[in-house]
Amino acid sequence: MNTHRFVWTPASGWNPPLDALPSDLDLVLYFGGSGALRAEDGPLAELLRRAPAPVVAGCGSAGAVLDAAIHDEALVVVGLRFRAATVRAVAGRLARSDESAALGEDLGRRLAGPELRHVLVLSDGVLVNGSGLAGGLRRALPPEVTVTGGLAGDGNRFQRTEVGLGADVGPGRVVVIGLYGASLRVDFGVGGGWTPFGPLREVTRSAGPVVWTLDDEPALSLYRRYLGERAADLPGAGLLFPLQILPDDPSRPGLIRTLVGIDDAEQSVTFAGDLPQGARVRFMRATRDALINSAESGLDGMRAGSADAIGDTLAL
């Protein structure tokens, strides 16, 4: 597998120029700031005009790390050409969070086929219920097919996210990309860097991803107390303070749920996945060093797994 990286920033434009895009790519992925994606004749529009790959897909982000700098409005593009694997993508839309599971199941059925090895998910980051979407995909896909991906970002605004497949780019979209091939191997690493703090709490009133009370106290009020001065930056500041759902089996890792929205009138908090009523949870936080170390650990795991791979290998 061959990969090619292109980066656009407002200050320097494309590096390298898009003229260097190979003509034989199988897949082009892009991730960028909201401004770069929404501009009528901006860098994404130029990429879509010139990208030669049969599948061009991507989504908004909450910043791009390029070398030693963070760029909020960059557009990062990766082009991939496989030796033997093939790529197919399908997309769908949702208008409400409770449609997530059904949409995931529909998209999974549309991708299922011989030699499907992996599915990459790019999803709206405001409307979707992430656990519902993942559950729907899992019900539709064979158990040996692995699934990775995530939710689109909107910087720290949490107002609207863009996801695109080809020229269809906008909010409310979910794109799933199927990778097929007998010789294809996909490795992925997972790391969080989060540490718990504060007392154990119980979710005392919730429905799906929306939580109204923790220990019978309004969830938003509790979040604001924990965040102190940073509470003024909600919901964006909530990215740094997710909740961990503690498992019944202490030997298993807990699930992390990221805050994606707040409702002042209801004093509720909305997360990227379900928080069942009665679940035991703890607040989490991380330092910059802990997040970097966790990312390095995930990369080390992928390198070890890919060392003896034959044929096309993709590390995510």
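The structure displayed is predicted, hence computed values, not measured ones. (Residues numbered from 1 in each chain as written. Predicted model: local features only at pLDDT ≥ 70, side-chain atom pairs only at ≥ 80, totals over all residues. Heavy atoms only, no water.)

Structural notes on unusual backbone geometry
Part 1 of the reasoning: Going from Asn-15 to Pro-16, the amide bond is cis rather than trans, its omega being -5 degrees.
Part 2 of the reasoning: Here Pro-16 shows up in the loop between strand S2 (13–15) and strand S3 (27–32).
Part 3 of the reasoning: Look at the link from Leu-234 to Pro-235: it is a cis peptide, with omega at 5 degrees.
Part 4 of the reasoning: Mapped onto the elements, Pro-235 comes out in the loop between helix H5 (219–227) and strand S18 (243–245).
Part 5 of the reasoning: In the Ramachandran plot, Asp-216 falls in the positive-phi region, its phi being about 65 degrees despite a non-glycine side chain.
Part 6 of the reasoning: Assignment of secondary structure puts Asp-216 in the loop between strand S16 (210–214) and strand S17 (217–218).
Part 7 of the reasoning: You can call Asp-216 exposed: its relative accessible area is 62%.
Part 8 of the reasoning: Phi angles above zero are rare outside glycine, and Gln-267 is one such case at about 55 degrees.
Part 9 of the reasoning: In this fold, Gln-267 is placed in the loop between strand S20 (259–263) and strand S21 (268–271).
Part 10 of the reasoning: Taking relative accessible area as the criterion, Gln-267 reaches 23% and is therefore assigned partly exposed. (Helix = DSSP H or I, 4+ residues; strand = E, 2+ residues; numbered from the N terminus. Buried < 20%, exposed > 50% of the residue type's maximum accessible area, 1.4 Å probe, protein only.)

Quick word on the layout of surface pockets
Part 1 of the reasoning: The space that makes up the second largest pocket amounts to roughly 180 Å³.
Part 2 of the reasoning: For the second largest pocket, the full set of lining residues is Ile-245, Leu-246, Pro-247, Arg-252, Pro-253, Gly-254 and Leu-255.
Part 3 of the reasoning: Along the lines of polarity and charge, the residues of the lining of the second largest pocket split into five nonpolar, one polar and one charged. (1 Å grid on protein atoms, 1.4 Å probe; cavity = no way out; pocket = protein on both sides within 12 Å on 5 of 7 lines; lining within 4 Å. Points joined across faces, edges and corners; volume = space filled by probe spheres on them. Nonpolar A, V, L, I, M, F, W, Y, C, P; charged D, E, K, R; others polar.)

Some points on the packing of aromatic side chains
Part 1 of the reasoning: Overall, the coordinates contain six aromatic pairs when judged by the stated rule.
Part 2 of the reasoning: Judged by centre distance (5.5 Å) and plane angle (70 degrees), the rings of Phe-197 and Tyr-226 are edge-to-face. Residue Phe-197 is located in strand S15 (residues 195–207), and its partner Tyr-226 is located in helix H5; the two are separated by 29 residues in the primary sequence.
Part 3 of the reasoning: On the basis of relative accessibility, which here comes to 12%, the residue Phe-197 falls in the buried class.
Part 4 of the reasoning: Seen from their ring centres, Tyr-223 and Phe-271 are 6.3 Å apart, and the 50 degrees between their planes marks the pair as tilted. (Phe/Tyr/Trp six-rings, centres within 6.5 Å; stacked < 30°, edge-to-face > 60°.)

Quick notes on the pattern of salt bridges
Between side chains of opposite charge, a pair can form when the charged atoms approach closely.
Part 1 of the reasoning: A full pass over the atoms with the stated rule returns 18 salt bridges.
Part 2 of the reasoning: A salt bridge links Glu-105 to Arg-109; the shortest N-O distance between them is 3.6 Å. Pair noted here: Glu-105 and Arg-109 are both in helix H3 (residues 100–111), with a separation of four residues, about one helical turn. (Salt bridge = Lys/Arg side-chain N within 4 Å of Asp/Glu carboxyl O.)

Here we look at the sheet that holds strand S8 (residues 86–93)
Part 1 of the reasoning: Taken together, four strands build an open sheet; the order of strands is S8-S13-S9-S10 and the sheet is mixed. Of all the strands in the sheet, just S8 and strand S10 (146–151) have a single pairing partner and so form its edges. Sheet twist, expressed as the mean angle between neighbouring strand axes with direction ignored, is 15 degrees.
Part 2 of the reasoning: Pairing between S8 and strand S13 (residues 173–180): eight bridges, direction antiparallel. Across the sheet, residue Thr-86 finds its bridge partner in S13, namely Tyr-180.
Part 3 of the reasoning: Relative to the sheet, H3 contacts S8, strand S9 (116–123) and S13, its axis offset from that of S8 by approximately 155 degrees.
Part 4 of the reasoning: With respect to the sheet, helix H4 (residues 130–140) is in contact with S9, S10 and S13, its orientation differing from that of S9 by roughly 160 degrees. (Pairing = 2+ DSSP bridges. Axes fitted to C-alpha atoms, helices over the stretch in contact; angles between N-to-C directions. Contact = heavy atoms within 4.5 Å.)

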